[in-house]
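# Observations on the three-dimensional arrangement
What follows is each chain in one-letter form.
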Amino acid sequence: MEFENVSSYIEKMYNTCMWVTDQHRQLLYKRQEESNLSDEEIQSLVEKNAETAKRNFSKVFKRMGNKKEYYTLPICVFPAGELSKVVIACKYKYQKLVGQYKVIVSPFYNYDYKASSSYEPYSAIIEAKDNTLTIPFLFDKEDMYSINVFYLLDEEEILLVSSNVYAVNPDLFECKYYKADLHMHTTYSDGYEPPELVVASARERGMDIIAVTDHNAFSGSVVAREKAAELGLDMTVILGEEYSLEYSPMHILDLGTEKEIDRKYLTKQVLEMPETKKIIESNPTLSCDVEVYACTQVLLDQVSKMGGISILAHPYWKPIALNGSRMDTPENVYIELGKDRKFAGIEIVSGSPDGEFNVSNLQASLARTILGHFEGLPIIGITDSHSYTTDPISGKHFTIVFAKSKSKEHVLEALSDGFTVAVELVNGKPLCYGEHRLVKFAEFLLKNYFPTRDLVARKEAVFAKQTHLLR
């Protein structure tokens, strides 16, 4: 055997066998160069070393089980009803992906079950090329799909990667996915931190979209938007305000207006307005105070006329003093307002202490009771933070917004259409509230999309703080 043929043999093994690493290839060439053996003896030695390497590789490869963290799926969301290509690639430079693989694909939530036969998932043998594995597959319906890939080694099928992808219908496929916190405070009302620190810390916690909603103070949100731009943060700041009212204990968020509301709508002057009196006359029997009901409706109508979205804030915030004094909203006010749906949305996950998810459960139950469903309803998760940098729930309470972009217009459109999911992380596990199909997709994104994207947001915010805010 010619010398170059032995070299070709080594290269062929390296290019077709997963167990021949760069280290093994170098060792084989070294043995070849240092040996005084014949070509036949060299080939025998190479084969012997290769068999040893294969046995060791097989033992380690089996022991590792699912090796998902060592590989990437550059795209994990696909259009339902279209032929797509799922690509699996090496994560690190030292890796390679060669040889044949058995691929099994199966829908996760809904599959075609027949009483007369057992379910048969899609299965195919695929050859790796250019250090990647490309799996053609038609996702026939919106669902999460499990992707299980086995390396074929002689007669064995050894697990390489077990992962999931998601196929969505056109309305979701044209969307991007953003984290938002739409209720927080700065020094422009009763917050501890100035707008520039709030926006940087929110970005550090992974937020793409925020709304600064100071108590009866609109200018804090304007400054926050300016500061986010000055800091170079890839973040949308929605202008807004949290209304505290003279005629009601209810707190209401205004999201998206470009100027502040006339202050009379926050005072008892509303009682003198003709539209208020008309509502009072038309509702002689209510389970709540009719003046509270009427004034609140007039305010909500005005927010809508100004292009804003009104959100009922923290329904189960219950700060009851020892002497029995109250500053919270009775249930019956929410229930009566819910009958006419003058408001746009409601907070499900709010500023409750870290881990007190029972508050979110109560708020979700109330929303279902007064509205009947979550479809088309903007429900949000927020922090209501007054010290974002140190608040334990920062980054744990938020909203996932499904929108065409994170422009103000598209964000407000998504809110209006109810393309949102409220999220609360409890012990690192997500509790999601919203329309069922959106909740399923949100849980997938929280596990498979946002962790990598959050790293980018964190680096961006840390750089902004170091460059512009820290002494």
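None of the values given here were measured: they were computed from a predicted structure.

### With respect to the pairing of strand 3 (residues 82-90)
- Two strands pair when backbone bridges link them, and strand 1 (residues 71-72) and strand 3 are joined in this way by two bridges, in the antiparallel orientation. What sits directly across from Tyr 71, in strand 3, is Cys 90.
- Pairing between strand 3 and strand 6 (residues 132-139): eight bridges, direction antiparallel. Its bridge partner lying in strand 6, Leu 83 is registered against Leu 138.

### A few points about the side chain of His 183
- Assignment of secondary structure puts His 183 in strand 9 (residues 176-184).
- A polar atom in the side chain of His 183 sits 3.3 Å from the side chain of His 185.
- A polar contact is formed between the side chain of His 183 and the side chain of Glu 242, at a distance of 2.9 Å.
- Excluding residues that lie within four positions of it along the chain, His 183 makes contacts with Ala 211, Thr 213, Glu 242, Leu 253, Ala 313, His 314, Glu 347, Ile 382, Thr 383, Asp 384 and Ser 385.

### Focus: the packing of helix 8 (residues 290-305) against helix 9 (residues 331-340)
- At their nearest, the axes of helix 8 and helix 9 sit 10 Å apart, and the two run at 50° to each other. By the angle between their axes, helix 8 is oblique relative to helix 9. As for the relative orientation of helix 8 and helix 9, their crossing is right-handed in sense. Two secondary-structure elements touch here, helix 8 through Val 292, Tyr 293, Thr 296 and Gln 297 and helix 9 through Val 333, Glu 336, Leu 337 and Asp 340.

### What about the side chain of Asp 143?
- Here Asp 143 shows up in strand 7 (residues 143-153).
- This buried residue, Asp 143, is left without a salt bridge; Lys 440 holds the nearest opposite charge, at 5.3 Å.
- The contacts of Asp 143, once residues within four sequence positions are left out, are Pro 107, Phe 108, Tyr 109, Asn 110, Val 165, Tyr 166 and Ala 167.

### Quick look at the pattern of salt bridges
- Tallying each qualifying case throughout the model produces 24 salt bridges.
- With a closest N to O distance of 3.1 Å, Lys 54 and Asp 154 form a salt bridge. Linking Lys 54 in helix 3 (residues 39-64) with Asp 154 in the loop between strand 7 and strand 8 (156-168), this pair joins segments that are 100 residues apart in sequence.
- A residue is classified by how much of its surface remains accessible, and Lys 54, at 12% relative accessible area, is buried.
- We note a salt bridge from Lys 227 to Glu 230, for which the minimum N-O separation is 3.6 Å. Within this pair, Lys 227 and its partner Glu 230 are both found in helix 6 (residues 219-230), separated by three residues, close to a single helical turn.
- Salt bridges sharing partners connect three or more residues here, namely Lys 179, Arg 203, Asp 208, Arg 453, Asp 454 and Glu 460.

The rules behind the values
Residues numbered from 1 in each chain as written. Predicted model: local features only at pLDDT ≥ 70, side-chain atom pairs only at ≥ 80, totals over all residues. Heavy atoms only, no water. Pairing = 2+ DSSP bridges. Helix = DSSP H or I, 4+ residues; strand = E, 2+ residues; numbered from the N terminus. Polar contact = N/O pair within 3.5 Å; in protein donor to acceptor, adjacent residues only side chain to side chain. Contact = heavy atoms within 4.5 Å. Axes fitted to C-alpha atoms, helices over the stretch in contact; angles between N-to-C directions. Parallel < 35°, antiparallel > 145°, perpendicular 65-115°, else oblique. Left-handed = near helix turned anticlockwise from the far one by under 90°. Buried < 20%, exposed > 50% of the residue type's maximum accessible area, 1.4 Å probe, protein only. Lys, Arg positive; Asp, Glu negative; His and termini not counted. Salt bridge = Lys/Arg side-chain N within 4 Å of Asp/Glu carboxyl O.

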